[in-house]
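The chain contents come next:
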Amino acid sequence: MSQAPGAQPNRPPIYHERQRLELCAVHALNNVLQQQLFSQEAADEICKSPSPCPAHQGPRGRTKVPLCKRRRDPESQVVAGLAPDSRLNPHRSLLGTGNYDVNVIMAALQGLGLATVWWDRRRPLSQLALPQVLGLILNLPSPMSLGLLSLPLRRRHWVALRQVDGVYYNLDSKLRVPEALGDEDGVRAFLAGALAQGLCEVLLVVTKEVEEKGCWLRTD
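Residues numbered from 1 in each chain as written. Predicted model: local features only at pLDDT ≥ 70, side-chain atom pairs only at ≥ 80, totals over all residues. Heavy atoms only, no water.

Draft legend 1. Fine view of the pattern of salt bridges. According to the stated counting rule, one finds three salt bridges in the structure shown. Residues Arg-188 and Glu-184 are paired through a salt bridge, measuring 3.1 Å at the closest nitrogen-oxygen approach. Here Glu-184 and Arg-188 lie together in helix α4 (residues 184–195), a separation of four residues that amounts to about one turn. Of the residues examined, Arg-188 reaches a relative accessible area of 13% and is grouped as buried. For Glu-184, a relative accessible area of 28% puts it in the partly exposed group. Residues Glu-209 and Lys-213 are paired through a salt bridge, measuring 2.9 Å at the closest nitrogen-oxygen approach. Pair noted here: Glu-209 and Lys-213 are both in helix α5 (residues 208–213), with a separation of four residues, about one helical turn. Given the relative accessible area of 60%, Lys-213 is considered exposed. (Salt bridge = Lys/Arg side-chain N within 4 Å of Asp/Glu carboxyl O. Helix = DSSP H or I, 4+ residues; strand = E, 2+ residues; numbered from the N terminus. Buried < 20%, exposed > 50% of the residue type's maximum accessible area, 1.4 Å probe, protein only.)

Draft legend 2. Structural view of the pairing of strand β3 (residues 114–118). The buried fraction of β3 amounts to five of the five residues, a majority that puts the element mostly inside the structure. The alternating pattern of β3 places Leu-114, Thr-116 and Trp-118 and Ala-115 and Val-117 on opposite faces, both of which are buried. Note that β3 and strand β8 (residues 201–207) share five bridges and pair antiparallel. The residue bridging Leu-114 from the neighbouring strand is Thr-207, located in β8. (Pairing = 2+ DSSP bridges.)

Draft legend 3. Region of the structure containing the nonpolar core. Counting 30 residues, the largest nonpolar core has Ile-105, Leu-109, Ile-137 and Trp-158 as the members making the most contacts within it. Going through the elements one at a time, α1 (24–33), α2 (40–48), α3 (102–111), β3, β5 (149–164) and β8 are the ones with two or more residues in this core. Ignoring anything within four residues of it in the chain, the contact list for Leu-109 reads Leu-29, Leu-33, Leu-114, Thr-116, Ile-137 and Val-205. By size, the runner-up hydrophobic cluster in this structure holds 25 residues, among which are Trp-119, Leu-128, Val-133 and Leu-181. (Core = buried A, V, L, I, M, F, W, Y, C linked by side-chain atoms within 4.5 Å. Contact = heavy atoms within 4.5 Å.)

Draft legend 4. Here's a closer look at α3. Across the ten residues that make up α3, a large majority, eight, are buried. Residues of α3 that are buried include every one of Val-102, Asn-103, Val-104, Ile-105, Met-106, Ala-107, Ala-108 and Leu-109, and no others.

Draft legend 5. Representation of the environment of Val-26 within the structure. Note that Val-26 resides in helix α1. When neighbours within four sequence positions are excluded, Val-26 is seen to be in contact with Glu-17, Phe-38, Ser-39, Gln-40, Ala-43 and Tyr-100.

Draft legend 6. The arrangement of unusual backbone geometry in detail. Phi angles above zero are rare outside glycine, and Gln-34 is one such case at about 60 degrees. The phi angle at Asp-165 is positive, at roughly 55 degrees, despite the residue not being glycine. Residue placement: Asp-165 occurs in the loop between β5 and β6 (167–170).

Draft legend 7. Highlighting the packing of α1 against α3. Direction vectors running N to C along α1 and α3 enclose 35 degrees, while the axes themselves pass 10 Å from each other. Remark: the crossing between α1 and α3 carries right-handed chirality. Between α1, through Ala-25, Leu-29 and Leu-33, and α3, the contact on the second element is made entirely by Ile-105, Ala-108 and Leu-109. Among the residues forming the contact of α1 with α3, the class breakdown is six nonpolar, no polar and no charged. (Axes fitted to C-alpha atoms, helices over the stretch in contact; angles between N-to-C directions. Left-handed = near helix turned anticlockwise from the far one by under 90°. Nonpolar A, V, L, I, M, F, W, Y, C, P; charged D, E, K, R; others polar.)

Draft legend 8. View of the side chain of Asn-170. Looking at where Asn-170 falls in the secondary structure, it is placed in strand β6. Only 3.1 Å separates the side chain of Asn-170 from the backbone nitrogen of Asp-172, close enough to count as a polar contact. Those residues in contact with Asn-170 that sit more than four places away from it in its chain are Val-159, Ala-160, Leu-161, Leu-175, Pro-178, Glu-179, Leu-181 and Phe-190. (Polar contact = N/O pair within 3.5 Å; in protein donor to acceptor, adjacent residues only side chain to side chain.)

Written out as structure tokens, the structure is:
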């Protein structure tokens, strides 16, 4: 955990986990929630444990995409979770180093009574009602390296954005310290730059009430 430079002594510290292995999804969850609620072991359990598995809207907001293949045990009537019986779990790295997919992130937040909404990149960012959003989790392309050698390859990377004490921060686990983005205009500018890359997806973390009312979207 680290604290942003220039933070006032009377302000609460900013929770910021640094990158370890391929655990950026776990770091993004804890960073957006501003406390350590998930670990690699917890994420692995989510991958294989039975749990409700609802459908969700894709990033374009046009079709319903199932979170996982639904299977029901005729005796217990429990809806199977992500991949409880799979030896080669499709939601994490085969090497056991993490690399969790969006299904794990969404299931983790759902277990806390929160909801997730894909931001449709075709909408103007002025329609994003940031005061109604707990935080944002971005999926970005990230360059790969082998020691000091940069490789011509890119992998997907999860990044959390969160407002703390009136200031929005980029809590990317690959950063040494949190990056202050400023006010709403600052975070919109950051999102616009990320979305302009073409390979960025944005997931809004909201309460169930906000999701149901749809008030994460400004209509005025």
